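This is what each chain is made of:
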Amino acid sequence: MEDGPEPEPLGEVVDLFCGVGSLSHGLMRAGFDIRAGYDTDRRCRHAFETNNKTTFHARDVALLQPEEIQAHFSGDRPSVLAGCAPCQPFSTYKQRYDEDPRWDLVGSFAKLAVKVAPDFITMENVPALLKYKAGDVFSGFKKTLEDAGYHVSWQIAKCEMFGVPQKRRRLVVVASKVALPPQLSPTHQKPLTVKDAIANLPATTAGASAVGDPLHIAASLSDTNLRRIQASKPGGTWRDWPFELRAKCHQKSSGKTYSGVYARMVWDAPSPTMTTQCYGYGNGRFGHPEQDRAITLREAAILQSFPANYSFLPAGDKPNISEIGRWIGNAVPVGLAQAIGDCIGSLIEEHRVGTRTYA
């Protein structure tokens, strides 16, 4: 029996700050045609193009002209402009947003978006964008869209409710010209666990990669850290170690509250939030539940809900652990991205959004 023709795309997407393409990949899985992606990191080209069947442009989003983006849309289907401006300026670890030149990229994205005038706009970022001085940034972003005629909906999404085996909270914004977008509909009533996600991967050791998948590689451990992880319990802390294994800062009373580092994950719960340093045992609760090592890059990607076969590098390229760790930690979880696509798709179908014509 022959396969039937592929369904027509729900709409067309241009992805700004696209990175390795996780937001695009989720939108593609929801039925959208990814027309192009833009990012300053040229090394992301392979992953973005290979997994999303489209073209990567190494460009600074702040310098883009609206006509260049509009040219990617055919005018025959609903248009979506997606973006995830760098979230580091709004991290809870940063309080002085005016010292980071990236903080205004959210506003730049909004101004560019209303000039492009797509049918839909979506942005994902950290919840801290709602707080402190960053709250003014978000208010300005929302007002820019609303003044241009968009209905703007936002929420703090619990990623584990969208098929992401990870405790992660993200700010999701969806804007529409046709109606107020609904809140994202959870796809999972019961969160996936670390065991659900990575228990079937081949065993490996610190500093080694598994045969057949160069991304299934774990960072090396010093002799001291090897002894530390051997003394670690799933879900435990460094307080489980013999005193002589504790870091000097943890031996002092001032360091006794910092229990979220040098720890193993547990099998039967979602993982902690994947960060850009999720490959390091000492950087958080990134120890494997059983094996004496940190999680591998592939395991981190799967915990971000990337497909297990997602290609990050051309065949034969040796992975740079810190570089790929940064890509993975910065990514929009694919499961969350697909839920965003489903939300926009429901609006397209309900309101019969059709041909987009630019003035």
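Parameters at a glance
- In this numbering scheme, every chain counts its residues from 1 along its sequence in written order.
- Local features in this predicted model are restricted to residues of pLDDT 70 or higher, and side-chain atom pairs are both shown and tallied only at a pLDDT of 80 or more, whereas totals for entire chains, interfaces and linings draw on every residue.
- To obtain the side-chain values, all non-hydrogen atoms of the structure were used and water was disregarded.
- Numbering of helices and strands starts at the N terminus; helices are DSSP runs of H or I of at least 4 residues and strands are runs of E of at least 2.
- Think of it in three bands: residues with accessible area under 20% of the maximum for their type are buried, residues over 50% are exposed, and the middle band is partly exposed, with areas taken using a 1.4 Å probe on protein chains only.
- Every residue pair with non-hydrogen atoms within 4.5 Å of one another is taken to be in contact.
- Aromatic pairing here means that ring centres of Phe, Tyr or Trp (its six-membered ring) are within 6.5 Å. Orientation follows from the plane angle: under 30 degrees is stacked, over 60 is edge-to-face, and everything else is tilted.
- Note on geometry: a ring has a charge over it if NZ (lysine) or CZ (arginine) is within 6 Å of the ring centre and within 35 degrees of the ring normal.
- Here a cavity denotes grid points, spaced 1 Å and computed from the protein atoms alone, that fit a 1.4 Å probe unable to get out, and a pocket denotes an open set having protein on both sides within 12 Å along at least 5 of 7 lines; residues with an atom within 4 Å of a point are the lining.
- Grid points are joined across faces, edges and corners, and a volume is the space filled by probe spheres set on the points.
- Under this grouping Gly is polar, as are all residues other than the nonpolar Ala, Val, Leu, Ile, Met, Phe, Trp, Tyr, Cys and Pro and the charged Asp, Glu, Lys and Arg.
- Comment: axis = line fitted to C-alpha atoms, over the contacting stretch for helices; angle = value between 0 and 180 degrees taken between N-to-C directions.
- Should an angle lie under 35 degrees it is considered roughly parallel, over 145 roughly antiparallel, and from 65 to 115 roughly perpendicular; all remaining angles are considered oblique.
- If you view the pair so one helix is near and one far, a crossing is left-handed when the near helix is turned anticlockwise from the far one by less than a right angle, and right-handed when it is turned clockwise.
- To estimate how far a helix should reach, multiply one less than its number of residues by 1.5 Å.
- Two strands pair under a simple rule: DSSP has to find at least two bridges between them.
- Counting of polar contacts relies on pairs of N or O atoms within 3.5 Å, with two restrictions inside protein: one atom must be capable of donating a hydrogen and the other of accepting it, and residues adjacent in sequence are counted only when both atoms are side-chain atoms.

(A) Expanded view of the environment of V172. Here V172 is to be found in strand β7 (residues 169-176). Judged by its relative accessible area of 2%, V172 is buried. With 45 residues separating them in the primary sequence, V172 and P127 have C-alpha atoms 8.7 Å apart. The contacts of V172, once residues within four sequence positions are left out, are M123, E124, S153, W154, Q155, A157, L184, L336 and I340.

(B) Quick look at the environment of E67. When you line up the elements, E67 lands in helix α3 (residues 66-70). Put simply, E67 and K115 are 48 residues apart on the chain and 8.7 Å apart in space, counted from C-alpha to C-alpha.

(C) A look at the packing of aromatic side chains. Tallying each qualifying case throughout the model produces 10 aromatic pairs. Ring centres 6.2 Å apart and planes at 15 degrees place the aromatic pair F109 and F141 in the stacked group. Of this pair, F109 sits in helix α4 (residues 105-116) while F141 sits in helix α5 (residues 132-147); the two residues are 32 residues apart in sequence, bridging distant segments of the chain. Neither F109 nor F141 differs from the other in exposure class; each is buried. Pairing F306 with F312 gives two aromatic rings, centres 5.1 Å apart and planes at 65 degrees, and the pair type is edge-to-face. Of the two residues examined, F306 and F312, each falls in the buried class. In textbook terms, an aromatic cluster arises when at least three aromatic residues are bridged by ring pairs, as seen for F17, F109, F138, F141 and W154. Lying across the ring of W238, R239 places its NZ or CZ 5.0 Å from the centre.

(D) Representation of empty space enclosed by the protein in the model. Overall, the coordinates contain one cavity of 30 Å³ or more when judged by the stated rule. Contributing to the lining of the largest cavity are S153, W154, Q155, V172, V174, P181, P182, Q183 and C343. Within the residue set of the lining of the largest cavity, elements represented by two or more residues are β6 (151-158) and β7. Residue contributions to the lining of the largest cavity peak at three residues, all from β6. Classifying every residue of the lining of the largest cavity gives six nonpolar, three polar and no charged.

(E) How the structure looks around the packing of helix α1 (residues 22-29) against helix α11 (residues 334-351). At their nearest, the axes of α1 and α11 sit 7 Å apart, and the two run at 50 degrees to each other. Viewed along their axes, α1 and α11 adopt a mutual orientation that is oblique. Between α1 and α11 the crossing geometry is right-handed. Contact with α1, carried on its side by S22, L23, H25, G26, L27 and R29, involves V334, A337, Q338, I340 and G341 of α11 and no other residues of that element.

(F) Representation of α4 within the structure. With 12 residues, α4 should cover 16 Å at 1.5 Å per step; its first-to-last C-alpha distance of 16 Å lies within 8% of that length. Along α4, the residues classified as buried are L105, V106, F109, A110, L112, A113 and V116. One or two steps after α4, the chain reaches A117, where phi turns positive at roughly 60 degrees.

(G) Fine view of α1. For α1, the tally of buried residues reaches six of eight residues, placing the bulk of the element in the interior. Within the span of α1, buried status applies to S22, L23, S24, H25, G26 and L27. Along its buried surface, α1 packs onto β1 (12-16), β2 (33-39), α2 (45-52), β4 (79-83) and α11. G31 occupies a position one or two residues after α1 and carries a positive phi of about 115 degrees.

(H) Summary view of the sheet that holds β1. The strand order β3-β2-β1-β4-β5-β7-β6 describes an open sheet built from seven strands, whose pairing is mixed. One side of each edge strand has no neighbouring strand; the edge strands of this open sheet are β3 (56-58) and β6. Strand after strand, the sheet turns through a mean of 15 degrees between neighbouring axes, direction not considered.

(I) Quick peek at the packing of α1 against α2. Between α1 and α2, whose axes approach to 10 Å, the crossing angle comes to 5 degrees. Taken together, the axis directions place α1 and α2 in an arrangement best described as roughly parallel. Only F48, N51 and N52 of α2 make contact with α1, whose side of the interface consists of S24, H25 and M28. The class makeup of the residues in the contact of α1 with α2 is two nonpolar, four polar and no charged.

(J) Looking closely at the side chain of Q304. Note that Q304 resides in the loop between α9 (297-303) and α10 (321-330). Assessed through its relative accessible area of 0%, Q304 is described here as buried. Within the local environment of Q304, its side chain forms a polar contact with the side chain of Q166, the two groups lying 2.9 Å apart. Contact partners of Q304, with chain neighbours within four places excluded, come to V164, Q166, R168, M274, I328, G329, A331, P333 and V334.

(K) Region of the structure containing unusual backbone geometry. Although it is not a glycine, A117 adopts a positive phi angle of roughly 60 degrees. Among the structural elements, A117 can be located in the loop between α4 and β5 (120-125). One non-glycine residue with positive phi stands out, namely S305, at about 70 degrees. In this fold, S305 is placed in the loop between α9 and α10. Taking the relative accessible area as the measure of exposure, S305 reaches 12% and is therefore buried.

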